[in-house]
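# Results of the structural survey
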Amino acid sequence: MIYLTRKMEFSAAHFYYNPEWSEEQNQRVFGKCANRHGHGHNYILEVTVAGTPDPQTGMVLDLAELKQLLEREITDRFDHRHLNFEVPELAGCQPTTENLAVTIWRLLAPKIRQGRLHRVRLYESPDLFVDCYGDTQ
Amino acid sequence: MRIELTRRYSFAASHRLAQPQLSEEDNRRLYGKCANPYGHGHNYVLEVTVTGPLDPATGMVANLADLDRFVHREVLAALDHVYLNEQVEAFHPACGGQVPTTENLCIEIFRRLEPFLSARLCRVRLEETGRNSFEYAGESSRRP
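Presented here is an overview of the structure given in this document.

Conventions used here
- Residues numbered from 1 in each chain as written.
- Chains lettered and ligands numbered in written order.
- Predicted model: local features only at pLDDT ≥ 70, side-chain atom pairs only at ≥ 80, totals over all residues.
- Helix = DSSP H or I, 4+ residues; strand = E, 2+ residues; numbered from the N terminus.
- Buried ≥ 20, exposed ≤ 12 C-beta atoms within 10 Å, placed from the backbone.
- Contact = placed C-beta atoms within 7 Å.
- Core = buried A, V, L, I, M, F, W, Y, C linked by C-beta atoms within 7 Å.
- Nonpolar A, V, L, I, M, F, W, Y, C, P; charged D, E, K, R; others polar.

### Some thoughts on the overall build of chain A
Along the backbone of chain A there are three helices and five strands. When the helices and strands of chain A are listed from N to C terminus, the series reads β-α-β-α-β-α-β-β. Principal-axis analysis of the C-alpha atoms gives chain A an extent of 60 × 30 × 25 Å. When the 137 residues of chain A are sorted by exposure, 29% land in the buried category. Considering only intrachain contacts with a sequence separation of at least 6, the fraction spanning at least 24 residues in chain A is 68%.

Below, the structure written as structure tokens:
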């Protein structure tokens, strides 16, 4: 089995706020992240696909196709967007790095047909990242 | 779906690799420059990985402020800017301590962080330099 990882970046704004809580509770739990003017991150996404190299091409999958898939599903949807307001897939949940990684997994897993999605790693900053492994792990 | 959250921290500490029952020559042969009796130091980079279900109210595995506070209290306060051989009981020869290699430091940090309650500790990864790193996930795990 070969694990192939493609890396990409996108930048987006968000804030954390639970409407069922008081302002004080939001401040206490989320701190600065509860500022409803929002703030932003340069996210770095690493997508890892597991597979066996095709005997003819020697490749797990066509990297150009993966790049196009990531541009269509990730860049077009998340880059330079406000995650609280502009991404229907995140409606109703906090746009945390955890939920964002899960959403990215759900967007990509069914569309990767050569090999299978093994891991989504999403960096919110160089000091904080989330790994998401699907149900097959 | 398994979600793992990893947070990076750093601390600086000095150490010396030597076994008290060995002669200076044997320690020098075994540990090389690391056996220098005056000690030497590193900028350690620590990655702490926790896992657990997402809290539906917060969308988080663990509140980062809670994790940061716990790691600062249990690890960084004790290990940052200290001489590991003499200021940390787990490595003190008089307390029967281990040699403070990064392997043993990794295990000691895991032991200190395992009681974290908000999520389950998966593993710790410790970089001694940019070129050497060590991971420990406890004895019950199949792999890091």
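### Some remarks on the nonpolar core
Membership of the largest hydrophobic core comes to 49 residues, with the highest contact counts inside it found for Ala101, Ile104, Trp105 and Leu122 of chain A together with Val50, Ile109 and Val124 of chain B. For leucine 122 of chain A, the contacting residues outside a window of four places in its chain are Tyr43, Leu45, Thr97, Leu100, Ala101, Ile104, Phe129 and Val130 of chain A.

### Focus on the interface of chain A and chain B
The interface is formed by 21 residues belonging to chain A together with 16 residues belonging to chain B. Of all the elements in the fold, those that place two or more residues in the side of chain A that touches chain B are helix H3 (97-108) and strand E5 (128-133) of chain A. Looking at the side of chain A that touches chain B element by element, the count peaks at six residues for E5 of chain A. Considering only residue class, the side of chain A that touches chain B consists of ten nonpolar, seven polar and four charged.

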